[in-house]
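Chain by chain, the residues:
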Amino acid sequence: MSKATETDALDDPQSRELPADAHYHDAPALEADERPDRVAIASQWQLIWWSFRRHKLAMVGLWVIGLLYFVALFAEFIAPNDPTQQNRRAVYHPPQMVRFLDIREDGWSIRPFVYEMDRQRDPETLAISYVPSGDKIYLRLFGRGEEYKFWGLWETDIHLLATVKPRDNFFIFGADRLGRDMFSRVMYGTRISMSIGLVGVAISLVLGITLGGLSGYYGGRVDAVIQRLIEFVLSLPTIPIWLALAAALPPSWPIYQQYFVITLIVSLVGWTELGRVVRGRFLAMKNEDFVIAARLDGASERRIIFRHMLPSLTSHIIASLTLAIPLMILAETSLSFLGLGLQPPAISWGVLLKEAQNILTISQAPWLFIPGAFVVVAVLAFNFLGDGMRDAADPYEH
Amino acid sequence: MTDHPILTVDRLNVGFASRQGVMDVLHGVSFELHRGRTTCIVGESGSGKSVTARTILNMVPRPGIINGGRILFDPEGTGRPTVLTDLDPRGREIRAIRGGRIGMIFQEPMSSLSPVHTIGNQIVEAVRLHRDCSKAEAREIARDMLEQVEIPQPEKALDKYAFEYSGGMRQRAMIAMALSCHPDVLIADEPTTALDVTTQAEILDLMRKLQDELHMAIMFITHDMGVVAEIADQVVVMEKGHVVEQGGVEQIFTAPRHRYTRKLLGAVKRLEEPATEKRRPAKAAGPVLKVQDLALHFEKREGFLQRVTDTVRAVDGVSFTLHEGEALGIVGESGSGKTTVGRCIARVYDPQGGVMDYRGQDLMAAEGARLRESRREVRMIFQDPFASLNPRMTVKQLIAEPLIVNGLASGQALEDRVAKLLTDVGLDPGMMERYPHAFSGGQRQRIVVARAIALDPKVVIADEPTSALDVSIRTQVLDLLLKLQADLGLSFIFISHDMAVIRYFCDRVAVMFRGRIVEIGETEQIITDPQHPYTRALLSSVPIADPTLRGTRTRHRYHPETA
Amino acid sequence: MIWRFILKRILWMVPFLFAVSVVAFLLIQAPPGDYLTTYIAKLGESNEVLDQASVENLRARFGLDQPLYVQYFKWVGNLVQGDFGMSFEWRQPVSDLVWGRMALTLMLSFATLLFTWAVAFPIGVYSAVRKYSVGDYIATTIGFIGLATPNFLLALILMYVGVVHFGSDVGGLFSNEYANAPWSWGKFVDLMQHLWLPVVVLGTSATASLIRIMRANLLDELNKPYVDTARAKGLSEFWLIMKYPVRVALNPFISTIGWVLPNLVSGAVVTAIVLSLPTAGPLMLQALLSQDMYLAGAFVLLLSSLTVIGMLISDILLVLLDPRVRYE
């Protein structure tokens, strides 16, 4: 049983002073908007935000994820090329660095450009290599490139970066074995990989909340059955099961259908953890004094669940969801990498990494690893964000 | 007995480092401990008592640092003391003193013992750290220690785990461990706070006995002036890291000098007798609530088939009548079923047998709308004001909730009503937009009270409403309840483990033991002339806040055949 | 008391294994068509055509014309006798194909588990005891990256490093001369020389999560009052930490075997494919792709059983280690 705080000792009941250290004595320096009078009327979300904000890694995670979803939303605009367009003369074209400081004989200016690379064939070994020609390919921000339909709605040809001369090409992340622009492909892959996490988590959420909630709210036999089910699912090795499930998919299915089923498959893991969290919280909260108090106030079951219990759960649920997303991303990546997930022409980070399966290929074109870097960064960012959210999820706990 | 101090705390300063710099938690604390005497350090939570105790063993909790003063330890009286504060906190010298020369016991015996090692293992370890002996010899010593602290079947007890012991036995084991090397000083940090009064009395007896046998100095930390009166020779009163007063126990109780000491004593003294402003119920007052043969058994279900593996008779045939305007106390120790009775009446639990008649309504059978109706008139105040207020709702939302769900007020009328209720319980209505985290424990309990009276109830079940609060706040909350009782004509069922609080507040009292009421009657009569042996044991265990009365009464023990 | 618990726990395995077998069977049945469809398609590619009668004949021979539950019970009935059926594709008994590979899988998983513990335990303890020290930050960072890197990517990167910087192919479990040789000391040494790479690849993410778990558990325990009790006894800092909080924090650590093993077995499948190890993974993938039902089913079943048994072992260890569990 918790003892009331130290400040009670000499507390005058009529006092309008706040117990400044009652709950925040272990908090670091209060920031400007966390003065005691602001704290007094701060809602749960404000307190959570204040405590989250101190978590520096989590803030970095938040920015990175924000950026990745921005890329996912505006992939067509950010990608300079059509990701499926092949170019026989750019097979395994190495990456080019975009430079901004343009120094010429007649002076200098700030202007984006890349150095042009010429394709050469070694006369003896017939191996192909790319050497800088010394020429510059000038780029333009918001320049005109290929036409595309933005979100399938508007026709436009404006890209974040485009070559000044329409016939030039540039490859920030290099090109693959068919001369396709890796940068454009990674940008499009971001869209699918990042959204699979979201959709998968949505499905997990439904499963997890329903089953976990049922388990926690009713208890008894319902709980026992659902608990055994969760234990069972947890004891299964996921990848063999996924493989078997994914092998059952006809490869002839259209992309969106594959996408949906793959998400469904990967979300089959995510829900158990969420179900446990929801159940545990529900079980504990059902007997909390404040929930009993609401019942004694005469509140209906509906009101108790939605007005009194759920607000305490949402922050925890959001944190668990955030931590589940990277698992889904990894799952999709692994499946697609093995050729049992999404199939080309769909583009996801996993599909792109499939190109890097051959050791000879990657020793020749290590930039094919770049989608892997995106996977690692995205998963890391989600983990940082989720950890920070979990720590901040209950601002009333000490 | 030479009268030089065995341990001297000399102008001790301890600070906690934080980003803003070092914040002092102890400000120049000085006192002495003497062989064969008990020094009580008394103060409310946050006064720095525990930090002082740990600093003596050079175990300042992080991020604390000693930034002034010394602690001198001179067990032989040579005049060349060891300066404890100068020793390396991880070094060999201080480790030889810890447990060897200075033993320590803590508040929570359960969490202070390792959950995965047997009691024997933990005591043997303590013995072998400081005495040169074999495992078998150490086990022999441990067994003798357990016998000395009156643990039955000590040989068997050695191989048990802490969770197989009862609370009192655990604390006995802790004491056995702390004393296994016959230390010169025993530091006891609130050793009885987590225990029931009867157990507390036994532990205090035991500590006195051992002190006589081993002739050691005891430093006893407590917040309870009653306990101080029972065992202290010297008293050190601490407030917010300062020693505000120290002296002999009689001087402190008869002629306290500092305002804070007087305040602590006043809070206890006032609970020695019934409240003066208590309004008695009318003689002819009729019954509001009749409870007969109430029974609730908790069944422990296990496994997939949910078989019943164990049954606990939490409430086992309880009967009483509550009259209009009356405050009926239910007193009992942990596990007596007193809280369960209260929750049955509020229908948090559904009792399995008996009759509950509230002004002609059958509370047992009430469901749906009728249950809601009766819950409007029978309200509840909870023990822990931190757990019973949803931290995510503002004070206004919390107090308005019963009014809203019962459709009693809305809009401006609702706001006015909440403001009125806050004024009634002594809070500023201007604070209604604040969240509970902005309030102290005492203030929160006022909010809980406001919520309870929002629906103009007739009966209020108050479940230990003051036990989570510091002593000085307790009487304030009790006085508020008394005022409301008079103003609103409330009847109270007042559940408590604390006889003093019951005496202050209740007209009649029912004494509960293991799910049954063993005795019921007028409060004063039960206190002056208890009939049931359990009541006698309970009353004789309550510490009396008057050192001059020490040893003037006989202690009763009650061990029914099943114990 | 303990024996009753263990017996009860072992009895619990029965429904679990039954459920596993149903799942395995259903998964194998899930793809549209059966092995014959694939087989006929294959024959079709080489312009051979099977007449309807011989197709029916083959169906009956493999029992593919019977209702699902009959096929299931036949399958399980044979399983109990150690008969996993025939592989359609390899034309030999499944049990001849799987055991060798399962043994290597088991060995690989076990070696990885040992590696994981050996690395995670000291680092986890260090990170908790020296919270926010440079070492803790380094361990935490590596841990996070380990968690975020998919197994196959790590395998690829290590292989890339091997090829580009050391000029050697580091895949496989055996050198060529030992691949088909009978077991000998030389073969064993050769295996050990190859084993480290898959162990590191597989173990990294599990190690990372175990470090985090150990650190979090121990941090919780370090603040418990019983640690103060031990300190007040005069125990040295090192021993008091090892004997009390570490001992208590070990329990959740043990119970993680239950889920680390499924993860290892899963990871082993992908890693084995990338590193072309002669373990269960590659053969299972191939069997799944060609709908070689009995072979794939045997793998899914055996791999799942492996993890169910792992759970059992971790539960039993937990009971032996933690007196509280026993008395609950």
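The model shown is predicted, which means the values in this text are computed figures rather than measured ones. (Residues numbered from 1 in each chain as written. Chains lettered and ligands numbered in written order. Predicted model: local features only at pLDDT ≥ 70, side-chain atom pairs only at ≥ 80, totals over all residues. Heavy atoms only, no water.)

Student: Please explain the overall build of chain B as it appears in this structure.
Tutor: Within chain B one finds 20 helices and 20 strands. Over its C-alpha trace chain B gives a radius of gyration of 26 Å, about what one expects of a compact globule, namely 24 Å for 563 residues. C-alpha atoms of chain B, sized along the principal axes, occupy 75 × 55 × 50 Å. Taking all 563 residues of chain B together, the buried fraction comes to 58%. Long-range contacts, defined here as pairs at least 24 residues apart, represent 68% of the contacts in chain B between residues at least 6 apart. (Helix = DSSP H or I, 4+ residues; strand = E, 2+ residues; numbered from the N terminus. Rg over C-alpha atoms; globule rule 2.2 N^0.38 Å. Buried < 20%, exposed > 50% of the residue type's maximum accessible area, 1.4 Å probe, protein only. Contact = heavy atoms within 4.5 Å.)

Student: Is there a simple way to think about the overall build of chain C in this case?
Tutor: For chain C, the count of helices and strands is 16 helices and 0 strands. With 328 residues in all, chain C has 52% of them scored as buried. Of all intrachain contacts in chain C linking residues separated by at least 6 positions in sequence, the fraction that spans at least 24 positions is 74%. Of the roughly 15,100 Å² of accessible surface on chain C, 66% is carried by carbon and sulfur atoms. (Areas by Shrake-Rupley, 256 points an atom, 1.4 Å probe, with all protein chains shown as cover.)

Student: In this structure, what is going on with the sheet that holds strand β6 (residues 161–163) of chain A? I would like to understand it.
Tutor: Residues and elements named next belong to chain A. Taken together, the 4 strands give an open sheet; going across it, the order is β1-β2-β3-β6, and neighbouring strands pair in antiparallel fashion. Either end of the sheet is taken by a strand with one partner, and the two such strands are β1 (99–104) and β6. Adjacent strand axes in the sheet meet at a mean angle of 60°, parallel and antiparallel pairs treated alike. In this structure, strand β2 (residues 107–121) lies alongside strand β3 (residues 128–141), joined through 8 bridges in antiparallel fashion. (Pairing = 2+ DSSP bridges. Axes fitted to C-alpha atoms, helices over the stretch in contact; angles between N-to-C directions.)

Student: Looking at this model, I keep getting lost on the pairing of strand β17 (residues 459–463) of chain B. Mind explaining?
Tutor: Consecutive side chains of a regular strand alternate in pointing toward one face of the sheet and then the other. All names here are of chain B. Within β17, 5 of the 5 residues are buried, which leaves the element mostly enclosed by the surrounding structure. The two faces of β17 match: Val459, Ile461 and Asp463 on one face and Val460 and Ala462 on the other face are all buried. Bridge count between strand β16 (residues 378–381) and β17: 4 bridges; the pairing is parallel. Across the sheet, residue Met380 finds its bridge partner in β17, namely Ile461. As judged from the 5 bridges shared by β17 and strand β18 (residues 491–496), these two strands associate in the parallel manner. Residue pairing in the sheet places Asp463 in a bridge with Ile495 of β18.

Student: Help me understand unusual backbone geometry in this model?
Tutor: When glycine is set aside, most residues are seen to have a negative phi, and most peptide bonds are trans. Unlike most non-glycine residues, B:Arg359 shows phi in positive territory, near 45°. Tracing the chain through its elements places B:Arg359 in the loop between β14 (353–358) and β15 (361–362).

Student: Explain the domain arrangement of chain B to me, please; I cannot follow it from the model alone.
Tutor: Interface size is often expressed as the accessible area that is lost when the parts come together. Residues and elements named next belong to chain B. Each assigned domain of chain B is listed with its residue range as follows: domain 1 (7–270) and domain 2 (287–529). Distance from the C-alpha centre of domain 1 to the C-alpha centre of domain 2: 37 Å. The interface is formed by 10 residues belonging to domain 1 together with 8 residues belonging to domain 2. Taken together, both faces of the contact between domain 1 and domain 2 bury some 960 Å²; the carbon and sulfur share is 44%. Here domain 1 is connected to domain 2 by 0 salt bridges. Where domain 1 meets domain 2, there are 3 residue pairs in polar contact (both at pLDDT 80 or more). Broken down by element, the residue count for the side of domain 1 that touches domain 2 peaks at 4 residues, all from helix α11 (residues 259–270). Considering only residue class, the side of domain 1 that touches domain 2 consists of 3 nonpolar, 3 polar and 4 charged. (Domains from an automatic or database assignment. Buried area = accessible area lost by both parts, 1.4 Å probe. Salt bridge = Lys/Arg side-chain N within 4 Å of Asp/Glu carboxyl O. Polar contact = N/O pair within 3.5 Å; in protein donor to acceptor, adjacent residues only side chain to side chain. Nonpolar A, V, L, I, M, F, W, Y, C, P; charged D, E, K, R; others polar.)

Student: Which parts of the structure should I look at to understand helix α14 (residues 280–289) of chain C?
Tutor: Three or four residues apart is the spacing at which side chains of an α-helix point the same way, because the helix has 3.6 residues per turn. Of all 10 residues in α14(C), 7 are buried, a share of seventy percent or more. What α14(C) keeps buried is the set C:Ala280, C:Gly281, C:Leu283, C:Met284, C:Leu285, C:Ala287 and C:Leu288. Looking at the packing, one finds that the buried side of α14(C) touches α7 (238–247) of chain A together with α5 (94–129), α13 (257–275) and α15 (293–321) of chain C. Among the residues trailing α14(C), C:Gln291 stands out with phi positive, at a value near 55°.

Student: What is the right way to read the interface of chain C and chain B from this model?
Tutor: Contacts between chain C and chain B engage 22 residues on the former and 30 residues on the latter. Summed over both partners, the interface of chain C with chain B comes to about 2,300 Å²; 63% of that surface belongs to carbon and sulfur atoms. Among the residues chain C hides against chain B, the three largest losses belong to C:Thr229, C:Ala232 and C:Lys233. Together they make up 24% of the total. Ionic pairing is found between B:Arg54 and C:Asp228, a salt bridge with its closest N-O pair at 2.2 Å. Remark: the boundary between chain C and chain B carries 12 residue pairs in polar contact (both at pLDDT 80 or more). Mapped onto the side of chain C that touches chain B, the elements with two or more residues apiece are α10 (225–233), α11 (237–243), α12 (245–255) and α16 (323–327) of chain C. Of the residues in the side of chain C that touches chain B, the class split is 9 nonpolar, 4 polar and 9 charged.

Student: Whenever I open this one, the UniProt feature "transmembrane region" (unreviewed entry) in chain C confuses me. Can you help?
Tutor: Residue and element names in this part refer to chain C. Per the UniProt entry, the sites bearing "transmembrane region" (unreviewed entry) are residues 12–30, 102–125, 137–161, 195–214, 248–274 and 294–321 in this numbering. Counting secondary structure, residues 102–125 comes out at 100% helix and 0% strand; the distance between its end C-alpha atoms is 34 Å. Helix makes up 96% of residues 248–274 and strand makes up 0%, while its end C-alpha atoms are separated by 39 Å. (UniProt positions renumbered as here; feature names shortened; annotations may be inferred.)

Student: Honestly, a nonpolar patch on the surface in this entry has me stumped. Any pointers?
Tutor: All names here are of chain A. On the surface, Phe100, Leu101, Ile103, Trp108 and Ile110 cluster together into a nonpolar patch covering about 610 Å² of accessible area. When contributions to the nonpolar patch are tallied by element, the ones reaching two or more residues are β1 and β2. In terms of residues, the nonpolar patch owes the most to one element, β1, which gives 3 residues. Note that Ile103 resides in strand β1. (Patch = residues over 30% accessible without salt bridge, like charges linked within 9 Å, V, L, I, M, F, W, Y side chains within 5 Å.)

Student: Mind showing me how you'd approach the confidence of the model for chain C here?
Tutor: In low-pLDDT regions, the fine details of the predicted coordinates are not to be read closely. Residues and elements named next belong to chain C. For chain C, the average pLDDT comes to 80, and 88% of its residues sit at 70 or higher. By mean pLDDT, the top-scoring element of chain C is α10 (90), and the lowest-scoring one is helix α2 (residues 35–45) (66). The complex prediction reports pTM at 0.80, with the ipTM value standing at 0.81. (pLDDT = per-residue confidence, 0-100.)

Student: How should I be thinking about the pairing of strand β5 (residues 154–158) of chain A in this particular structure?
Tutor: Relative to β5(A), strand β4 (residues 144–150) of chain A runs antiparallel, the two sharing 4 bridges. In the sheet register, A:Arg144 faces β5(A), and the bridge partner there is A:Ile158.

Student: How do you make sense of the state of the cysteines when you look at a structure like this?
Tutor: As used here, a disulfide is simply a covalent bond connecting the sulfur atoms of two cysteines. Overall, the coordinates contain 0 disulfides over all chains when judged by the stated rule. No disulfide involves B:Cys133; its sulfur sits 8.4 Å from the nearest other cysteine sulfur, which is in B:Cys181. (Disulfide = S-S within 2.5 Å.)

Student: I keep staring at the pattern of salt bridges and nothing clicks. Help me out?
Tutor: Applying the stated criterion across every chain yields a total of 50 salt bridges over all chains. Linking A:Asp387 and A:Arg390 is a salt bridge whose minimum nitrogen-to-oxygen distance equals 3.0 Å. Residue A:Asp387 and its partner A:Arg390 are located together in helix α13 (residues 370–392), separated by 3 residues, close to a single helical turn. Overall, A:Arg390 belongs to the partly exposed group, its relative accessible area being 46%. One salt bridge in this structure joins A:Asp387 and C:Arg212, with 2.4 Å as the shortest N-O distance. You can see A:Asp387 sitting in helix α13 and its partner C:Arg212 sitting in helix α9 (residues 185–222), one on each of two chains. When its relative accessible area of 28% is taken as the criterion, C:Arg212 is described as partly exposed.

Student: Sorry if this is basic, but what is going on with the packing of aromatic side chains here?
Tutor: Within a pair of aromatic rings, the relevant descriptors are the distance that separates the centres and the angle that separates the planes. Considering all chains together, one arrives at 25 aromatic pairs over all chains under this definition. An angle of 70° between the planes, with centres 5.3 Å apart, marks the rings of C:Phe25 and C:Tyr72 as edge-to-face. Placement of C:Phe25 in helix α1 (residues 2–29) and of C:Tyr72 in helix α4 (residues 68–80) is noted, with a sequence separation of 47 residues between them. A single burial state applies to C:Phe25 and to C:Tyr72, both of which are buried. Each member of the aromatic cluster is reached from another via a ring pair, and the members are A:Phe173, A:Phe183, A:Trp349 and A:Phe374. In this structure, A:Arg111 is placed above the aromatic ring of A:Tyr138, and the distance from its NZ or CZ to the ring centre is 4.0 Å. (Phe/Tyr/Trp six-rings, centres within 6.5 Å; stacked < 30°, edge-to-face > 60°. Lys NZ or Arg CZ within 6 Å of the ring centre and 35° of its normal.)

Student: How should I be thinking about the side chain of B:Glu326 in this particular structure?
Tutor: All names here are of chain B. Summarising the element assignment, Glu326 is placed in the loop between β12 (307–323) and β13 (327–331). At 2.9 Å, the side chain of Glu326 and the backbone nitrogen of His323 are in polar contact. Only 2.5 Å separates the side chain of Glu326 from the side chain of Arg508, close enough to count as a polar contact. Ignoring anything within four residues of it in the chain, the contact list for Glu326 reads Pro281, Thr321, Gln485, Leu490, Ser491, Phe492, Asp507 and Arg508.

Student: Is there a simple way to think about the sheet that holds β17(B) in this case?
Tutor: Backbone-to-backbone hydrogen bonds pair the strands of a sheet. The strands run either parallel or antiparallel. Residues and elements named next belong to chain B. Pairing is mixed in the open sheet, where 6 strands are placed in the order β16-β17-β18-β13-β19-β20. Of all the strands in the sheet, just β16 and β20 (516–522) have a single pairing partner and so form its edges. Direction aside, the axes of adjacent strands within the sheet are offset by 20° on average. Two elements, β13 and β18, share 5 bridges in a ladder whose sense is parallel. Within the sheet, the bridge partner assigned to Ile330 lies in β18 and is Ile495. In the packing of helix α12 (residues 338–345) onto the sheet, the strands contacted are β13, β16, β17, β18 and β19 (508–513), and the crossing angle to β18 comes to about 150°.

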